[in-house]
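# Commentary on secondary and tertiary structure
Here are the chains, one letter per residue:
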Amino acid sequence: MRVRRTIAAAWKWLDERSGLGAVWDVVGKHRVPKGSTWLYVFGTATLTALMIQIVSGVALATMYVPATGEAYASLQQISRPGTLSSIVRGMHYFGASAMVVLAVTHMIRVFLTGSFKFPRELGWASGVVLLLLTLGMAFTGQLLRWDQNAIWSVVVGADQAARTPIVGSALGDFIMGGRNLGGATLTRFYALHILVIPALILGGVSFHVYLVFRNGISEPARAGRPVRPGRYADVYARYVRWKGVPFWPFAAWRDVVFALLVVLTVVGLAVLAGAPSLGDPPDPTLINAEPRPDWYLLWYFAVLALLPPAWENVLIILMPAVGVGGLLLLPFVWPAGERSPRRRPWAVGSVFAGLAGLVALTVIGVRAPWSPRFDAPPLPDSVVASSDPQVQLGADLFHSRGCLYCHRVAGFGGERGPDLTFVGERLTEEQATLRILNGGTNMPSFAGIVAPSEISALVAFLQSRTRERSPD
Amino acid sequence: MNDPDTQDSPDRRRFLSRLTAGLGGLAALVASVPVLGALVEPLLRKPEEVWRSVAPVGTLPVGDTILVSFEDPSPLPWAGKVAETGAWLRRTGDDAFIAFSLDCAHLGCPVRWVPDARLFMCPCHGGVYYEDGTVAAGPPKQALARYPVRVRDGSVEIRTSPLPLS
């Protein structure tokens with residue numbers, strides 16, 4: 001009893017001097033629509049992931065050495081299997097993925113229920129900025145891994161920035177901290193990743209959450225109840241008065257249950273999988289690097305490969321600008337009208353189309369069919385399936401001259417060019433010869449590379465690629 | 001008219017508002033100039049260019065292409081391996097050499113020389129170059145960049161250059 005009274009007295013003392021009680025009234029007691037169901041937990045879940053990132057990130061900052069010559073060794077030290085530090089690095093890695101996934105899920109929910117409409121336009125716009133900042137964290141974080149993949153990703157990033165009109169090459173140099181990769185490069189990304197972007201994110205989140213309290217959580221979308229900006233404030237106030245409950249604890253409990261699930265998932269994955277593996281040590285003189293972004297940006301990696309070359313310089317800057325601009329402007333173009341997805345088939349359709357596009361591009365990005373397969377092994381005898389020495393020589397040349405890097409034969413080799421498993425049925429001897437000599441769209445001309453005798457061997461091999469091979 | 005906020009003359013109010021905003025802005029400007037300047041300053045310096053020896057002339061047979069590396073003009077003490085740059089060096093005659101940049105002209109990934117195919121190939125988006133560095137296939141629009149090369153005192157030297165950003 002006495003303890004309780006002491007606590008109450010202490011709280012009174014604090015409230016008199018800080019006014020925190022009034023803040024709690026706004027935060028905890030504000031009424032939210034009763035229908036706020038499990039669909040409404042993704043915002044706090046994203047915030048939970050952010051908190052995991054802050055806590056694990058601070059811990060990592062105490063162990064990481066942001067010097068280009070030492071960073072990799074410090075990461076190896078952090079990542080020793082079975083250590084708590086490797087679990088913390090795993091949390092930071094899986095927490096980043098969770099944050100991207102949850103932020104996008106939150107965004108899709110807000111879009112589908114039309115919750116971005118009046119008066120919540122700025123909530124949407126600040127959310128778009130926060131998503132971009134999150135992707136900025138993901139990219140700079142991947143670079144702090146400072147392995148072979150990371151340093152070449154910096155080069156690729158600088159090269160993309162350099163496409164910006166007028167200031168491009170200065171921007172590229174600014175990113176690298178000089179005219180080449182060097183000792184100044186990593187500290188830039190370190191400062192961005194642990195100071196600049198986090199500060200912007202904290203500011204953005206504060207504004208975003210403030211708006212949630214200011215404008216309230218959107219009531220469930222009902223078909224036939226369009227938003228009318230002039231009358232909305234009254235409608236909403238009446239709605240939460242009659243059909244609302246205090247946020248604490250009638251809505252907060254769902255947020256906390258889901259947040260706990262997020263934490264358990266991230267920590268669980270970190271314990272099971274540990275820290276993500278490091279690539280080879282950073283060395284700009286080793287060419288065995290295939291820079292790839294982490295999974296959440298693989299779709300963009302695919303976009304960069306698939307852009308039509310003639311339009312590339314324009315699209316590489318214009319596409320992100322239009323995409324981001326479109327998202328930012330969305331609530332200002334459609335601030336009123338129906339919220340229910342039942343009455344907004346185009347909105348539902350665009351979410352499906354967008355997600356399908358992202359998944360398709362990611363799948364293509366994983367396969368990267370445009371990349372030569374440097375490690376393609378020579379064709380086995382079972383595939384060559386010929387005792388003709390000319391065909392066998394051709395098969396050897398098909399590997400050594402690099403044809404197999406881009407062409408597929410019976411499941412072996414690359415995917416850049418056409419599959420040549422049955423090419424003998426499509427091309428005559430003459431056509432095959434001309435194609436090798438002259439090349440074609442996206443195929444080099446091998447005229448100066450392969451000797452005439454070798455060409456006839458290659459053509460003999462190609463001609464033997466038919467469904468029904470003549471028995472030798 | 002007893003509201004203390006409106007007792008002063010409007011002129012005085014306007015003057016003080018502008019003064020406050022102006023002086024605040026000035027304070028921010030004074031503090032940011034050196035900060036932003038320090039971030040941009042390394043980029044304003046003229047790039048240093050020095051000749052670096054990469055290989056003795058004799059070790060490379062005519063026609064061969066090898067991977068060489070050289071150090072930046074003035075590497076920072078903690079830079080480690082990142083202070084180095086690689087290049088593909090080919091001997092085309094007794095005293096004639098070509099040095100190709102590793103960076104694909106598309107987005108800068110490291111191209112690989114495939115000797116038997118006599119092609120440079122990029123692992124990222126499938127750029128391919130002929131042995132003289134001109135584009136053979138894929139997204140690049142420009143040839144591979146080259147570094148200036150010379151032979152001095154029996155060794156091949158490459159002049160350091162900025163990273164060729166496309």
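How each quantity is defined
Numbering of residues begins from 1 in every chain and follows the order in which that chain's sequence is written. Chain letters start at A and ligand numbers start at 1, both assigned in the order the entries are written. Note on the predicted model: pLDDT of at least 70 is required for a residue's local features to be given, and 80 or more for side-chain atom pairs to be given and counted; whole-chain, interface and lining totals, by contrast, use all residues. Only hydrogens and water are set aside when side-chain values are computed; all heavy atoms of the structure are taken into account. Residue contacts follow a heavy-atom distance rule, with two residues in contact if any of their heavy atoms lie within 4.5 Å. Buried area: the accessible area, evaluated with a 1.4 Å probe, that two parts lose upon being put together, summed over both parts. By definition, a salt bridge exists where a carboxyl oxygen of Asp or Glu is found within 4 Å of a side-chain nitrogen of Lys or Arg. Pairs of N or O atoms within 3.5 Å make up the polar contacts considered here, provided that, within protein, one atom can donate a hydrogen while the other can accept it, and that residues adjacent in sequence are counted only when both atoms are side-chain atoms. Comment: elements are numbered from the N terminus, with helices defined as DSSP H or I runs of at least four residues and strands as E runs of at least two. When residue character is reported, Ala, Val, Leu, Ile, Met, Phe, Trp, Tyr, Cys and Pro are called nonpolar, Asp, Glu, Lys and Arg charged, and the others, Gly included, polar. By definition, pLDDT measures how confident the predictor is in each residue, and it falls between 0 and 100. Put simply, a disulfide is two cysteine sulfurs that come within 2.5 Å. Working definition: with a 1.4 Å probe on protein chains only, accessible area under 20% of the residue-type maximum means buried, over 50% means exposed, and in between means partly exposed. To pair, rings of Phe, Tyr and Trp, with the six-membered ring standing in for Trp, must have centres within 6.5 Å; the planes then decide the type, stacked if under 30 degrees apart, edge-to-face if over 60, and tilted in the middle. The criterion is that NZ of a Lys, or CZ of an Arg, lies within 6 Å of the ring centre and within 35 degrees of the ring normal, and then a charge sits over that ring.

### What to know about the interface of chain B and chain A
- Each side of the interface is counted separately: chain B has 53 residues, and chain A has 60 residues.
- It is Val82, Leu107 and Arg112 of chain B that lose the most area in chain B upon contact with chain A, and together they represent 15% of the buried surface on that side.
- In this assembly, chain B and chain A are joined by two salt bridges.
- A salt bridge links Glu290 of chain A to Arg112 of chain B; the shortest N-O distance between them is 3.6 Å.
- If you look at where chain B meets chain A, you find 19 residue pairs in polar contact (both at pLDDT 80 or more).
- Those elements giving two or more residues to the side of chain B that touches chain A turn out to be helix H1 (10–44), strand E2 (65–71), strand E3 (84–91), strand E5 (112–114), strand E6 (119–121), strand E7 (128–130) and strand E8 (135–137) of chain B.
- A per-class count over the side of chain B that touches chain A returns 33 nonpolar, 11 polar and nine charged.

### A few points about the confidence of the model for chain B
- With 95% of its residues at a pLDDT of 70 or more, chain B shows a mean pLDDT of 91.
- Across the predicted assembly, pTM comes out at 0.91 and ipTM at 0.88.

### Description of the state of the cysteines
- Counted by the stated rule, this structure contains one disulfide over all chains.
- The disulfide partner of Cys109 of chain B is Cys124 of chain B, and the S-S distance across this bridge is 2.0 Å. A torsion of -85 degrees about the S-S bond marks the disulfide between Cys109 of chain B and Cys124 of chain B as left-handed. On the criterion of sequence distance, the pair formed by Cys109 of chain B in the loop between strand E4 (97–101) and E5 and Cys124 of chain B in the loop between E6 and E7 is long-range, its members being 15 residues apart. The same class applies to Cys109 of chain B and to Cys124 of chain B, which are both buried.
- Its sulfur unpaired, Cys403 of chain A is 9.0 Å from the next cysteine sulfur, which belongs to Cys406 of chain A.

### Remarks on unusual backbone geometry
Residues and elements named next belong to chain A.
- Following Phe118, the chain continues to Pro119 via a peptide bond in cis, the omega torsion being 0 degrees.
- Following the sequence through the fold, Pro119 ends up in the loop between helix H5 (84–112) and helix H6 (121–144).
- One non-glycine residue with positive phi stands out, namely Ile166, at about 65 degrees.
- Within the secondary structure, Ile166 is located in the loop between helix H7 (148–161) and helix H8 (168–176).
- Residue class for Ile166 comes out exposed when judged on its relative accessible area of 87%.
- Even without being a glycine, Ala385 presents a positive backbone phi close to 50 degrees.
- Tracing the chain through its elements places Ala385 in the loop between helix H16 (381–384) and helix H17 (389–400).
- Residue class for Ala385 comes out partly exposed when judged on its relative accessible area of 36%.

### Quick look at the packing of aromatic side chains
- Tallying each qualifying case throughout the model produces 19 aromatic pairs over all chains.
- Considering the side-chain rings of Trp299 of chain A and Tyr300 of chain A, the 5.6 Å spacing of their centres and the 70 degrees angle between planes classify their relative orientation as edge-to-face.
- Residue class for Trp299 of chain A comes out partly exposed when judged on its relative accessible area of 27%.
- A relative accessible area of 18% places Tyr300 of chain A in the buried class.
- One aromatic cluster is present, built from ring pairs that chain together Trp88, Phe100, Trp113 and Phe120 of chain B.
- The ring of Phe422 of chain A is capped by Arg467 of chain A, whose NZ or CZ atom sits 4.3 Å from the centre of that ring.

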